[in-house]
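# Remarks on the overall topology
Residue strings, one per chain:
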Amino acid sequence: MPEDPIDHIDFDDLNQKAISKPVVSHIYTADPSAHVFNGTIYIYPSHDIENDIPFDDLGSHFAMEDYHILSMNSPLDKTATDHGVALHVKDVPWADKQMWAPDATEKEGTYYLFFPAKDHDGIFRIGVATSSSPVGPFTPQPTPIKKSFSIDPAVFKDDDGSYYMYFGGIWGGQLQRWSTGSFKAEGDGPLFHLPGDNENALCGKVARLTSDLLEFAEDAKDVVILDEKGKPLLAGDNERRFFEASWMHKYKDKYYFSYCYAIGDNPYGPFSYAGRILNPVVGWTSHHSIVEFNGKWYLFYHDSSLSKGVTHLRSVKVAELIHDANGKIKTIDPYK
Ligand code: FUB
């Protein structure tokens, strides 16, 4: 049964109106990080699974155990190819459960899969696994990245050859528990350590990676998002402040940090809030990536339309994304 109050949704009608169909429907997939390697699009998604864990604010029912890599010859293809299990939690010595949103990159013929998971103490860390193939299988490092925490890694390669990881997510993603620099116990619940409405919002994080891409080259820094007055967004600005699901792309020499999206002049920001990429989708989560292919830009995203609204059973979709003449992104409505 769906956990959200969505009984009123006519899913036949919604699926008719949807601008895109799931790229695979034999498994549930979410949190798509798309990249073009050797002319092919590879999608690194979460692999959502059915389970009996009750819905809670920690996202415990997002109990994913492995990753499947998908590929497409073109975003215009109706379907993607599933290359099977590329990494399973049982093969990662430090990880216990909840293999959430991953990302990948390539350097000198080696492919790197970055992934968050809860360790044996229930703390989200970010790990890395390597392969000679973009679809794996991937061999994990024995320990997580030192000083990594929280969820949703997104790795961006800049034109100078530097690689940066953006990451973080509040609530179940535990970012709020790290606001003093070390992990704080849960206290009165997952929301206990969040700032008040008039305090600065918690920020996503960024760290440059070492040249072997296996560690942070520096302590993670805040990705500060500014409002129209040049002030950091406040925690109570729920429509605009950071929540989770970072991505970075570069367009005409500007750096676009996206969850909503904000534009800056360098990989560290600050970034000025610029708007929304995607209107709300069916399902409690929204997570995307943006990639250029043959001169056009595409948004990979997910929704819960195939599962008829089950929050933790999502499907990856793709739609064209337009930057206008001023570099603003045209907001996509997932259902016409
Ligand atoms: O898939 C689990 C979590 O849900 C991701 O890490 C978040 O971005 C949200 O999509």
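Structure first, text after, so check above.
Residues numbered from 1 in each chain as written. Predicted model: local features only at pLDDT ≥ 70, side-chain atom pairs only at ≥ 80, totals over all residues. Heavy atoms only, no water.

## A closer look at the layout of surface pockets
Counted as a void, the largest pocket has a volume near 760 Å³. If you trace the largest pocket, you find 24 residues lining it, with Phe243, Cys260, Trp284, Thr285 and Ser286 closest to the centre. Split by residue class, the lining of the largest pocket holds 11 nonpolar, seven polar and six charged. The set of elements that each furnish at least two residues to the lining of the second largest pocket consists of strand E1 (28-37), strand E6 (103-107), strand E10 (154-157), strand E11 (163-167), strand E15 (247-251) and strand E19 (289-293). Here the residues of the lining of the second largest pocket sort into 13 nonpolar, three polar and five charged. (1 Å grid on protein atoms, 1.4 Å probe; cavity = no way out; pocket = protein on both sides within 12 Å on 5 of 7 lines; lining within 4 Å. Points joined across faces, edges and corners; volume = space filled by probe spheres on them. Nonpolar A, V, L, I, M, F, W, Y, C, P; charged D, E, K, R; others polar. Helix = DSSP H or I, 4+ residues; strand = E, 2+ residues; numbered from the N terminus.)

## Overview of the sheet that holds E15
Pairing within the open sheet is mixed, and its five strands lie in the order E14-E18-E17-E16-E15. The open sheet has two edge strands, strand E14 (225-226) and E15, and neither has a second partner. (Pairing = 2+ DSSP bridges.)

## Some details on the site of the ligand
Around the ligand sit Asp31, Ser46, Met64, Trp100, Ala101, Ile151, Asp152, Glu244, Thr285, His287, His302 and Arg314, and those are all the residues in its vicinity. One nitrogen or oxygen atom from the side chain of aspartate 31 is found 2.5 Å from an oxygen atom belonging to the ligand. Aspartate 152 places a side-chain nitrogen or oxygen 2.5 Å from an oxygen atom of the ligand. Contact with the protein chains covers 99% of the free accessible surface of the ligand, which is 270 Å². When atoms are counted within 2 Å of each cavity's grid points, the one that captures over half of the ligand is the largest cavity. In terms of residue class, the shell around the ligand is made up of four nonpolar, four polar and four charged. (Near = heavy atom within 4 Å. Polar contact = N/O pair within 3.5 Å; in protein donor to acceptor, adjacent residues only side chain to side chain. Areas by Shrake-Rupley, 256 points an atom, 1.4 Å probe, with all protein chains shown as cover. Sits in = over half its atoms within 2 Å of the grid points.)

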